[in-house]
Structures are given as C-alpha cells and as structure tokens.
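Observations on the model geometry
Take a look at the letters that make up each chain.
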Amino acid sequence: AHPRAIELYRASLATFEQAGDQRRAALAMLQLGEAYRGMATNTGGWYVPAFVQSAPLRRFGLAWYWLLALPFQLLAAFLRRTPWALPRPDLLASYQNWLIARIFRTAQGWYDRARRAFAALGDEAGLLQVDQQQAEIVLLYGYAGDALAQFEQLRQRPAAQPEYRRLWIDADIALARI
C-alpha cells in the first residue's frame, strides 16, 4: 500500500464518521487494516539471517541468535493468546523485523476498530472479513496451527456460506496446511 492510499483512507474515514455513515466508516477501517497489512507483507518478508557453513561458526551464530531471541521467547509466550500477540520469537530476534511487526500491529489495531464497528452494525459478513484478516496475520506471524483453527471456525459461520467467501477461507486453510 502506498502512503498516499493510507492518507486517503484516513480522510475517507473522517468524512464517513462525520456524516454518520457507520457502514462506510467500518469499511474504511477494514481497508486501512488491509493497507497496513499489505505494506508489511510487501516489504520483502521477515528477515532470516544466513549462517556460515563452517560448523563451529554456524553453531556460534545459532547460539547468538537464540540468545537474542530469548527475551522475545518469554514475551511471546506470555502474549500468545492475547490481542497483543507477537510474531514467533525467532523472527523478532532480528531488529530488522521489528518495523514489520509494528506495521502488522497497526493493521491489527485497524481491524480491531473495524470489528467493533461491524459488531455495532450487526454485520456478520463484515465481522467475517475482519476475523479472516486477523487470522491471516496470525499465519504470517508463524503460528500455522492457531491460524488453521481460526480459519476452520470461520468456515462454520453462516456468513461464510456463500461459495466465494467459503473458497477464500478454504484457500487460507490450504495455505496454513503447507
């Protein structure tokens, strides 16, 4: 997503909120979440360090990387099943990934706002979209099992019964199983 697109989504959101158009405001929040998620996924992905082929140096590199990830192991374990979940700790050991994680968290913040707005409207299709986007971020964080369980639950909702929506969820289920 281009920063200009985010700026336009924010302006649209302000206009819809000012006009009292709750549905369009909720959709703008969803689009803001998607814009930030797109920005995070289009950065080139998570940085994963390359280690030298020499066995002693490789072991040293792996040990150093494990040591760097240790604080994140504790934090991620504590936050794993909360709205503030973090990517897998080994991904956060590289400071290059902190910005990507922050952008994903911004997307999740917009999805949370959209979820509340769709819930207030009683819009089950909107809630399904938001929850599916959130589950996709869980998958991108490296928690395939958690994401798969969420996708399976989403597939059972009445709003997921139209064929197109069900196939979209099935594609996510397939991706989580890879």
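The present account deals with the structure reproduced in this document. This one's a predicted model, so the numbers in the text were calculated from it and none came from an experiment.

What about the overall build of the protein?
Counting its regular elements, the protein contains eight helices and zero strands. Listing the helices and strands of the protein from first to last along the sequence gives α-α-α-α-α-α-α-α. Based on the C-alpha atoms only, the size of the protein along its principal axes is roughly 65 × 35 × 25 Å. Among the 178 residues that make up the protein, the fraction classed as buried is 39%. A sequence separation of at least 24 residues applies to 61% of the contacts in the protein between residues at least 6 apart. Only carbon and sulfur atoms are counted for the fraction: they give 61% of the accessible area of the protein, which is about 10,300 Å². Across the protein, the mean location of the 20 positive side-chain charges is 6 Å away from that of the 15 negative side-chain charges.

A closer look at the side chain of E136
Within the secondary structure, E136 sits in helix 6 (residues 124-140). On the basis of relative accessibility, which here comes to 10%, the residue E136 falls in the buried class. There is a polar contact of 2.3 Å between the side chain of E136 and the side chain of R37. Filtering out sequence-adjacent residues up to four positions away, E136 remains in contact with R37, F151, W168 and D172.

Examining helix 7 (residues 144-155)
Between its first and last C-alpha atoms helix 7 spans 16 Å; for 12 residues at 1.5 Å apiece the expected length is 16 Å, and the two agree. Those residues of helix 7 that fall on the buried side of the exposure criterion are D146, A147, F151 and L154. The buried side chains of helix 7 occupy one side of the element, clustering within an arc of 135° when seen end-on. Residues G145 and Q153 are exposed on helix 7 and point more than 90 degrees away from its buried face.

Remarks on the pattern of salt bridges
Taken as a whole and assessed by the stated rule, the structure comprises nine salt bridges. Here R4 and E7 are joined by a salt bridge, their closest N and O atoms 2.8 Å apart. A residue pair is termed a helical-turn pair when its members lie 3 or 4 positions apart in one helix, as R4 and E7 do in helix 1 (residues 3-19) at three residues. R157 serves as the salt-bridge partner of D131, at 2.5 Å between the closest nitrogen and oxygen. With D131 in helix 6 and R157 in the loop between helix 7 and helix 8 (163-177), the pair connects residues that are 26 residues apart, well separated along the chain. Look at the salt bridges and you will find they share partners, linking R115, D131 and R157 into a network.

Side note on the packing of aromatic side chains
In the structure shown here, the tally under the stated rule is two aromatic pairs. Between F104 and Y141, the ring centres sit 5.8 Å apart and the planes meet at 85°, which makes this aromatic pair edge-to-face. Of this pair, F104 sits in helix 5 (residues 96-121) while Y141 sits in the loop between helix 6 and helix 7, placing them 37 residues apart in sequence. By the burial criterion, F104 is buried, and Y141 matches it. Relative to W168, the ring of Y164 lies with its centre 6.2 Å away and its plane at 25°, an arrangement referred to as stacked. Of the two residues, Y164 and W168 both sit in helix 8, four residues apart, roughly one turn of that helix.

Considering the environment of G20
Take G20: it is sitting in the loop between helix 1 and helix 2 (22-41). Considered as a pair, G20 and R115 are 95 residues apart in the sequence and their alpha carbons are 17 Å apart.

Thresholds, definitions, all that
- Residues numbered from 1 in each chain as written.
- Predicted model: local features only at pLDDT ≥ 70, side-chain atom pairs only at ≥ 80, totals over all residues.
- Heavy atoms only, no water.
- Helix = DSSP H or I, 4+ residues; strand = E, 2+ residues; numbered from the N terminus.
- Buried < 20%, exposed > 50% of the residue type's maximum accessible area, 1.4 Å probe, protein only.
- Contact = heavy atoms within 4.5 Å.
- Areas by Shrake-Rupley, 256 points an atom, 1.4 Å probe, with all protein chains shown as cover.
- Lys, Arg positive; Asp, Glu negative; His and termini not counted.
- Charge placed at Lys NZ, Arg CZ, Asp CG, Glu CD.
- Polar contact = N/O pair within 3.5 Å; in protein donor to acceptor, adjacent residues only side chain to side chain.
- Expected span 1.5 Å × (residues − 1).
- Arc of directions from axis to C-beta.
- Salt bridge = Lys/Arg side-chain N within 4 Å of Asp/Glu carboxyl O.
- Phe/Tyr/Trp six-rings, centres within 6.5 Å; stacked < 30°, edge-to-face > 60°.

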